[in-house]
Amino acid sequence: MSNKIILKAEDLDGYLTQQDMDDLHRLDQMFHETMKSFDPVDEKKIIEGYDKMGHEMQKICSAHPAIKVYSFETDVQAQAEASRVIAKLRDERTDHQEFMYYSQRAYEMLFRMAYTNEPTVKKGHIIVKTPVTFPVQNYAVHKIPDIDSKINNSVMCVMLRGALLPSMIVSKEIEEFSSTGYITPFALFKISRNDTKNESNMEYILDLDKSFFNLEQLDGKDLIFADPMNATGGSLVTVVKYLLDQGVHPKSIAFFNTISTLKGSIRVTRALENCTCYTLWLDPVMNEKAYIMPGLGDAGDRLNGCDTKDHPRNIIQLLSDYGHNVSGLYRSQLFEIERTVLG
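First, a word on what this report is: a plain description of the structure on this page.

What counts, and where the lines are drawn
Residues numbered from 1 in each chain as written. Predicted model: local features only at pLDDT ≥ 70, side-chain atom pairs only at ≥ 80, totals over all residues. Heavy atoms only, no water. Axes fitted to C-alpha atoms, helices over the stretch in contact; angles between N-to-C directions. Helix = DSSP H or I, 4+ residues; strand = E, 2+ residues; numbered from the N terminus. Parallel < 35°, antiparallel > 145°, perpendicular 65-115°, else oblique. Left-handed = near helix turned anticlockwise from the far one by under 90°. Contact = heavy atoms within 4.5 Å. Expected span 1.5 Å × (residues − 1). Nonpolar A, V, L, I, M, F, W, Y, C, P; charged D, E, K, R; others polar. Core = buried A, V, L, I, M, F, W, Y, C linked by side-chain atoms within 4.5 Å. Buried < 20%, exposed > 50% of the residue type's maximum accessible area, 1.4 Å probe, protein only. Salt bridge = Lys/Arg side-chain N within 4 Å of Asp/Glu carboxyl O. 1 Å grid on protein atoms, 1.4 Å probe; cavity = no way out; pocket = protein on both sides within 12 Å on 5 of 7 lines; lining within 4 Å. Points joined across faces, edges and corners; volume = space filled by probe spheres on them. Pairing = 2+ DSSP bridges.

### Side note on the packing of helix α2 (residues 18-35) against helix α11 (residues 262-271)
At a minimum axis distance of 10 Å, the contact between α2 and α11 shows a crossing angle of 170°. As far as their axial angle goes, α11 and α2 are roughly antiparallel. Pair α2 / α11 crosses with right-handed handedness. In contact with D20, L24 and L27 of α2, α11 contributes L262, K263, I266 and R270.

This is the structure in structure tokens:
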């Protein structure tokens, strides 16, 4: 008998208010009006449509302080950088290696927004020993944000499989910014959607037999989830609600997304206490199959390659497929993941 937890879409919609539903309906109408300019392509009307939707989403998000959108929270120069990164990730011509590179840039930007950009962050110092030894050994001093109190209680929670590399990237950022070189513990959750369902009746399936985590290690911690895409919010809510049912009480929950829908962000922050969503870019709607529009395709496949239905790769095979360069860069994270899986 399989050991699985299932959450249904209607459970998620129960967290939405009437105002939320009105806002989402209005945005859906705006997007479908803009879609009329897709075929044939009318660039002027497309630009006008997205500009209007952007202003509308920013207005809506102003009433949701737990939703932090990079393009709404930063200055014009930073917004332009985010726009270029998202454009490359969306582009169907972006190959696998480029997609990995721009994903890394995206999560570095999100990390800065969440942890280092606040004016109240104190400054720390690091002294670096350099390769210059004549006439004496040389050292350099660099100021860095002192964010130990924000990151040294963190556990990286991975929603396999598309979230594996983004989670490693965020964990690496934590290690680099920590004055002690703190390496996050990892908890791995095998979560998937039932692709035979539509957005309105979607099911989210947490497979406990293929998950690896220690409940005691999660209690009272700052739980971090990094998923390239947040369409419905169902995967995150499924995992966290399961943990709450097991008596785990997180200190906080942070959810990092390259792209999120407005609906997914609202659902998550309504459903989960003390949860903040950080997203590089907000997309307006989903289609009936719960795919983000305009979206960027299947981010998991573009990061990890496609699995065959009969021979899906396990976690160790996924790590191996990243290759020598990625393995070397994230060796501390890989060690923690392997220890979690293999014991």
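Continuing now.
### A closer look at α2
Three or four residues apart is the spacing at which side chains of an α-helix point the same way, because the helix has 3.6 residues per turn. Between the first and last C-alpha of α2 there are 26 Å, a value that for 18 residues agrees with the 26 Å anticipated at 1.5 Å per step. Looking at the buried residues of α2, the elements they touch are α3 (43-61), α11, β11 (285-286) and β12 (292-293).

### A closer look at the packing of α2 against α3
Packing of α2 against α3 brings their axes to within 9 Å, and their N-to-C directions diverge by 170°. Taken together, α2 and α3 sit at an angle that is classed as roughly antiparallel. Touching D23, R26, L27, M30, F31 and T34 of α2 are I46, G49, Y50, K52, M53, E56, M57 and I60, all from α3. Tallied by class, the residues present in the contact of α2 with α3 amount to eight nonpolar, two polar and four charged.

### Re the nonpolar core
In terms of nonpolar packing, the biggest core is built from 88 residues, with L164, M168, F225 and F256 touching the most fellow members. Broken down by element, the residue count for this core peaks at eleven residues, all from helix α6 (residues 96-116). Setting aside anything within four residues of it in sequence, one finds M168 in contact with L319, Y322, V326, Y330, Q333, L334 and I337.

### As for the environment of M21
Along the chain, the position of M21 falls in helix α2. Taking the relative accessible area as the measure of exposure, M21 reaches 37% and is therefore partly exposed.

### Looking at the pattern of salt bridges
Taken as a whole, this structure holds 15 salt bridges when the rule is applied. Here K172 ties to E176 by a salt bridge, and the two come within 3.6 Å at their closest N and O atoms. Taken together, the residues K172 and E176, both in helix α8 (residues 164-177) and four residues apart, mark about one turn of the helix. Within this structure, D13, E199, K263 and R267 form a network of salt bridges that share partners.

### Quick word on the layout of surface pockets
For the largest pocket, the calculated volume is near 1,600 Å³. Around the largest pocket, the lining comprises 46 residues; the ones closest to its centre are L160, R161, I191, S192 and R193. For the lining of the largest pocket, the elements supplying multiple residues, two or more each, are β5 (154-160), β6 (186-193), β7 (203-212), β8 (222-230), α10 (234-245), α12 (299-304) and α13 (315-321). Looking at which element gives the most residues to the lining of the largest pocket, the answer is β7, with six residues. Estimates place the volume of the second largest pocket at around 730 Å³. Around the second largest pocket, the lining is made up of 21 residues, and of these Y50, D51, G54, S83 and W281 lie nearest the centre. The leading source of residues in the lining of the second largest pocket is α3, at eight residues. Partitioned by chemical class, the residues of the lining of the second largest pocket number twelve nonpolar, six polar and three charged.

### Brief notes about unusual backbone geometry
Of the consecutive residues D39 and P40, the connecting peptide bond is found in the cis state with omega at 0°. As for its placement among the helices and strands, P40 is situated in the loop between α2 and α3. In the segment running from M293 into P294, the intervening peptide bond is cis, with an omega of 0°. For N274, which is not glycine, the phi torsion reads 55° and is therefore positive. In this structure, N274 sits in the loop between α11 and β10 (275-283). One non-glycine residue with positive phi stands out, namely A290, at about 70°. On the secondary structure map, A290 appears in the loop between β11 and β12.

### Points about the pairing of β10
With respect to burial, β10 is a largely interior element, eight of its nine residues being buried. As defined by bridge partners, strand β2 (residues 67-69) adjoins β10 across three bridges and the pair is classed as parallel. By the bridge assignment for β10, V69 is matched with T279. Note that strand β9 (residues 252-261) and β10 share eight bridges and pair parallel.

### Quick word on the sheet that holds β2
Pairing within the open sheet is mixed, and its eight strands lie in the order β1-β7-β6-β5-β8-β9-β10-β2. A single partner strand is all that each edge strand has here, and the edge strands are β1 (4-8) and β2. Each strand of the sheet is rotated relative to its neighbour by a mean of 25°, with strand direction disregarded.

### Notes on the environment of L206
Within the secondary structure layout, L206 lies in strand β7. L206 gets classed as buried once you look at its relative accessible area, which sits at 0%. Sequence separation of L206 and F189 is 17 residues, and the distance between their C-alpha atoms is 7.1 Å. Setting aside chain neighbours within four positions, we find L206 in contact with N3, K4, I5, F189, K190, I191, S211, T238, V239 and Y242.

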